[in-house]
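Notes for the structure review
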Amino acid sequence: GESVGLHLPTLSVQEGDNSIINCAYSNSASDYFIWYKQESGKGPQFIIDIRSNMDKRQGQRVTVLLNKTVKHLSLQIAATQPGDSAVYFCAEIFNRDDKIIFGKGTRLHILP
Amino acid sequence: GAGVSQSPRYKVAKRGQDVALRCDPISGHVSLFWYQQALGQGPEFLTYFQNEAQLDKSGLPSDRFFAERPEGSVSTLKIQRTQQEDSAVYLCASSLDGGAGTEAFFGQGTRLTVV
């Protein structure tokens, strides 16, 4: 069935270092991939998305990489800050007019 | 308001009680989604509206769950005869036009606890 999963449930990173959060997806026909950040007690917040015809997209301090060959998605956060502490979900959308399918999430913990 | 608003923020229901959860999407947003998020898990899709039309309700776990959006703006998720397994955070999201390919904005959710 549909499945978007993550390699690591928890990631600890030193403040100031770069963070890399990984995700494996199973539906090769998905058209969009999205990263969400969810802080405690809040709803998921859109970070960045990428279409399936791209392999890299950059935002402010974040970069998403898509490797369709191995069905792998990653989120890179540059110069990680305490405010980056949250659970990060990758998600996929089969086509533009469809629902978002979420993975289980990775908790990012920032070490002082 | 500026964002998606959900009410109540918290709801405690006795098993067997009916509950109604409200979502006020961002004004003008066409698409509205409901998700269920169990503790420590990712959000699971429940149902999707485009204006007042319910285009997909494949994620509703049983016929005790019902959602409506009669005028294409505010939506209500109703759960009848609540069970303990219904305890979760219920998230609502809206997006400007058809589908979630455009950026979807989530509310803070309603935390439902069934006792």
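The following paragraphs examine the structure supplied in this document. Here the residue index of a chain counts from 1 through its sequence in written order. Here chains are named by letter from A upward and ligands by number from 1 upward, in the order in which they appear as written. Whole-chain, interface and lining totals are the exception, using all residues; otherwise, since this is a predicted model, local features are given only for residues with pLDDT of at least 70 and side-chain atom pairs are given and counted only at 80 or more. Think of the side-chain values as coming from all heavy atoms in the structure, minus any hydrogens and water.

This paragraph deals with the interface of chain A and chain B. One frequent convention defines the size of an interface as the accessible area lost when the parts assemble. Opposite the 20 residues of chain A that make contact, chain B presents 24 residues. By buried area we mean how much accessible surface two parts lose on assembly, using a 1.4 Å probe and totalling the loss over both. Of the roughly 1,600 Å² buried between chain A and chain B, counting both surfaces, carbon and sulfur atoms make up 54%. Any carboxyl oxygen of Asp or Glu that lies within 4 Å of a side-chain nitrogen of Lys or Arg is treated as forming a salt bridge with it. On the surface where chain A and chain B come into contact, there are 1 salt bridge. Across the salt bridge formed by K99 of chain A and D56 of chain B, the nearest N and O atoms sit 3.2 Å from each other. By definition, any uninterrupted DSSP run of H or I lasting at least four residues is a helix, any uninterrupted run of E lasting at least two residues is a strand, and each is numbered from the N terminus. Listing elements by their share of the side of chain A that touches chain B, those giving two or more residues are β4 (32-38), β5 (45-51), β9 (86-93) and β10 (100-102) of chain A. The element that contributes the greatest number of residues to the side of chain A that touches chain B is β4 of chain A, accounting for 4 residues. Here the side of chain A that touches chain B is composed, by residue class, of 9 nonpolar, 4 polar and 7 charged. Contacts are assigned to residue pairs with any non-hydrogen atoms lying within 4.5 Å of each other. Nonpolar residues are Ala, Val, Leu, Ile, Met, Phe, Trp, Tyr, Cys and Pro. Charged residues are Asp, Glu, Lys and Arg, and all others, Gly as well, are polar.

Here a cavity means grid points, on a 1 Å grid over the protein atoms only, where a 1.4 Å probe fits yet cannot get out; a pocket means an open set of points with protein on both sides within 12 Å along at least five of seven lines; lining residues are those with an atom within 4 Å of a point. Grid points are joined across faces, edges and corners, and a volume is the space filled by probe spheres set on the points. By volume, the largest pocket is sized at about 540 Å³. Around the largest pocket sit 25 residues that line it, and Q38 and R107 of chain A together with Q37, L39 and G40 of chain B are the ones nearest its centre. Those elements giving two or more residues to the lining of the largest pocket turn out to be β9 and β11 (106-111) of chain A. Taken together, the residues of the lining of the largest pocket sort by class into 8 nonpolar, 11 polar and 6 charged.

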